[in-house]
There are 2 protein chains.
Amino acid sequence: MLVSELGEFGLIELLARELGLSYPAASESLKRAGLLVDLGDDALVTRHAEGSLILTTDTMVEGVHFLPGRVAWEDVGWKSLASNLSDIAAMGGEPHVALVTLILSAEAEADDVLALYRGMRECAETHGVLIAGGDVVRGPAFAVTVSLSGWAFVGAGGEAKALVRGAARLGDVVAVTGTLGDSAAGLRLIQDQAPADSDAARRLIRAHTRPVPRLEAGRAAVAAGIECGMDVSDGLVQDLGHIARASGVGIRLDAARVPLSQDLTAVFPAEAIGLALTGGEDYELILVGPMARMESLLGRPDLKLSLIGEVVHYDQPRVAVVDESGAEMPVGRAGWDHLRPDR
Amino acid sequence: MLVSELGEFGLIELLARELGLSYPAASESLKRAGLLVDLGDDALVTRHAEGSLILTTDTMVEGVHFLPGRVAWEDVGWKSLASNLSDIAAMGGEPHVALVTLILSAEAEADDVLALYRGMRECAETHGVLIAGGDVVRGPAFAVTVSLSGWAFVGAGGEAKALVRGAARLGDVVAVTGTLGDSAAGLRLIQDQAPADSDAARRLIRAHTRPVPRLEAGRAAVAAGIECGMDVSDGLVQDLGHIARASGVGIRLDAARVPLSQDLTAVFPAEAIGLALTGGEDYELILVGPMARMESLLGRPDLKLSLIGEVVHYDQPRVAVVDESGAEMPVGRAGWDHLRPDR
């Protein structure tokens, strides 16, 4: 059925049901989540929580952030929430409630929108987030915007602590969770419409379509006294560049230490390191801090943390990628710019 | 200059400057607003505030919510924030920080985007809100989504209080701020490209392009113990219908008491009441509560509150519009549905 046949309120009712919520009446699940007003009111109101508020928002546009017909709507839903959760992880925070804005053409299929919501709900339940409203509007092309609130880690003295980009200091070590480049490799496979004929290819595609926000690593990092970090969304080198500029430092990245998955090196042996250095949407966490504080995190196998570089002094804030001999390597395309039409 | 020539980070830097903020470095104005991290980090983090969190989001799409070339970009910017502020007003809350998501085509003019930001900043400064980041992405057509957080009113016992749709009770009176229909009249003038050759026409257009969120009325209402309210965004009759259904009550609306501006009756003498009953985007506040509590608000001339009806018992939750004899009037088009392509 077309969304224009359902109308705004008909669609909202279906979507709420997809989330396991009743609309407009309040439900027990809303109350358990600390919501003070019914779904479908002008805004959401949540119980006062300990800690400082974190807010973030992220958008996916059809044809720009995902290819219609080549990615399942469930995956678009999962990823639209996961990318926001990754921003909360990148602050070391705890996610709380999300608002979802859909821009839909009148010709959109209600089944597709419901599939999107199924994926979003799966992600929300996996990570303990409540989707509590938003906005549905008409437009020329599909876009989904998620706004997510969360709460910052509270230190022993009651002060809020967050991982920021501007807190890298000379002598700090640079670490990253998981493996890099898998998402970019998965995107390449989707774009090339290559048959996913191996488990490795399927896992690479899944790294692109179902990224996992590193909430536990972010929380563990702030708890360990790490003050600098961000998630890898534009590409490792470009994102380290954000940290270098925000902190006014140089960062030496050891290419040989960048963690690569066996899947990546098996499917793209020649391009693996390039994909890992510049491919976007890994949603792994970069953590920067003194070795003394990083050590306890490196000792936790569940965080899958690898040391990849150091904070150093250069003439100006920048990132140098060095090979095993210490020589600087040229790095091509620096990462993902959301407005330039080159990708 | 085209936004594609500037690139994402060039544009963000310009936009931050337009807001009087530096990017990516922290500024004193951010710290004064209670922000704990620099603009340009993964998410915003704000100081813990008293009261419960309110979150809302609202979107404007070019060609759907405003007509390109017929409305100034400054006005689009003002309204995109004002409509969100109105949702906070409709909860009786205090606005705090906003995130802005722009969907831009590569052919968008940077000057237009800056003009949009100027209008948004004007609205933010008028109402004491901080715009503290967001997202800029590429897409086929322009859209702006604002997510706004705020804090709920806190009662004497420390409990959060908010105006909700489901709290109308039999015997309550129904009141509304300001005058209704002016915005719909202004839209009609813009659509007809009628020359704005009178002060009245210009004021009607301004009611559409520069709506004023009724934050003070919302706050005063919760402080006076009113528990039910919402803003008029889809049209008076349709929005009263939301309250009737959420509360499970009937609402009798006295057409003769619906406040009309002299401008509206001068420019659209025959259609004034129709525009007031079903025209959208007034952003006035509907308040519903016992007369004993409403009286103190009716005595405040600055709130411009008019009594327009009563909560009554009908066979089912619905709104009846009655004329001076008490006879029910037929009401045409019920209001604004964001997905049906009939407007």
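Draft legend 1. Local environment of the sheet that holds strand 11 (residues 285-289) of chain B. Residues and elements named next belong to chain B. Read across the sheet, six strands follow the order 9-11-8-12-10-13 without closing on themselves; strand pairing throughout is mixed. In this open sheet, the two strands that pair with only one neighbour each are strand 9 (228-231) and strand 13 (318-322). Taking each pair of neighbouring strands and ignoring which way they run, the sheet shows an average axis angle of 25°. Both strand 8 (residues 173-177) and strand 11 contribute to a ladder of four bridges, which runs antiparallel. In the sheet register, Ala 175 faces strand 11, and the bridge partner there is Leu 287.

Draft legend 2. Layout of the confidence of the model for chain A. With 87% of its residues at a pLDDT of 70 or more, chain A shows a mean pLDDT of 87. Across the interface, the model reports ipTM at 0.84; the global pTM reads 0.88.

Draft legend 3. Geometry of helix 3 (residues 73-89) of chain B. In a regular helix each residue adds 1.5 Å, so 17 residues correspond to 24 Å; helix 3 of chain B covers 24 Å between its end C-alpha atoms and thus fits that length. In terms of residue burial, helix 3 of chain B counts as a mostly covered element, since 16 of its 17 residues are buried.

Draft legend 4. Representation of the pattern of salt bridges in the model. Counted according to the given criterion, the structure contains 34 salt bridges over all chains. Within this structure, Glu 94, Glu 216, Arg 219, Arg 300 and Asp 302 of chain A form a network of salt bridges that share partners.

Draft legend 5. Summary view of the packing of aromatic side chains. For the structure on display, the rule yields six aromatic pairs over all chains. Each ring, one from Phe 66 of chain B and one from Trp 73 of chain B, has its centre 5.6 Å from the other, and the planes form 75°; the classification is edge-to-face. Arranged with centres 5.0 Å apart and planes meeting at 85°, the rings of Trp 73 of chain B and Phe 142 of chain B form a pair that is edge-to-face. Separated by 69 residues along the polypeptide, Trp 73 of chain B in helix 3 and Phe 142 of chain B in the loop between strand 4 (130-138) and strand 5 (143-151) bring together distant segments of the chain. What makes Phe 142 of chain B buried here is its relative accessible area of 7%. Put simply, the rings of Phe 66, Trp 73 and Phe 142 of chain A pair up and form one aromatic cluster. The cationic tip of Arg 318 of chain A hangs over the ring face of Tyr 314 of chain A; the distance from NZ or CZ to the ring centre is 4.8 Å.

Cut-off values and rules
Residues numbered from 1 in each chain as written. Chains lettered and ligands numbered in written order. Predicted model: local features only at pLDDT ≥ 70, side-chain atom pairs only at ≥ 80, totals over all residues. Heavy atoms only, no water. Pairing = 2+ DSSP bridges. Helix = DSSP H or I, 4+ residues; strand = E, 2+ residues; numbered from the N terminus. Axes fitted to C-alpha atoms, helices over the stretch in contact; angles between N-to-C directions. pLDDT = per-residue confidence, 0-100. Expected span 1.5 Å × (residues − 1). Buried < 20%, exposed > 50% of the residue type's maximum accessible area, 1.4 Å probe, protein only. Salt bridge = Lys/Arg side-chain N within 4 Å of Asp/Glu carboxyl O. Phe/Tyr/Trp six-rings, centres within 6.5 Å; stacked < 30°, edge-to-face > 60°. Lys NZ or Arg CZ within 6 Å of the ring centre and 35° of its normal.

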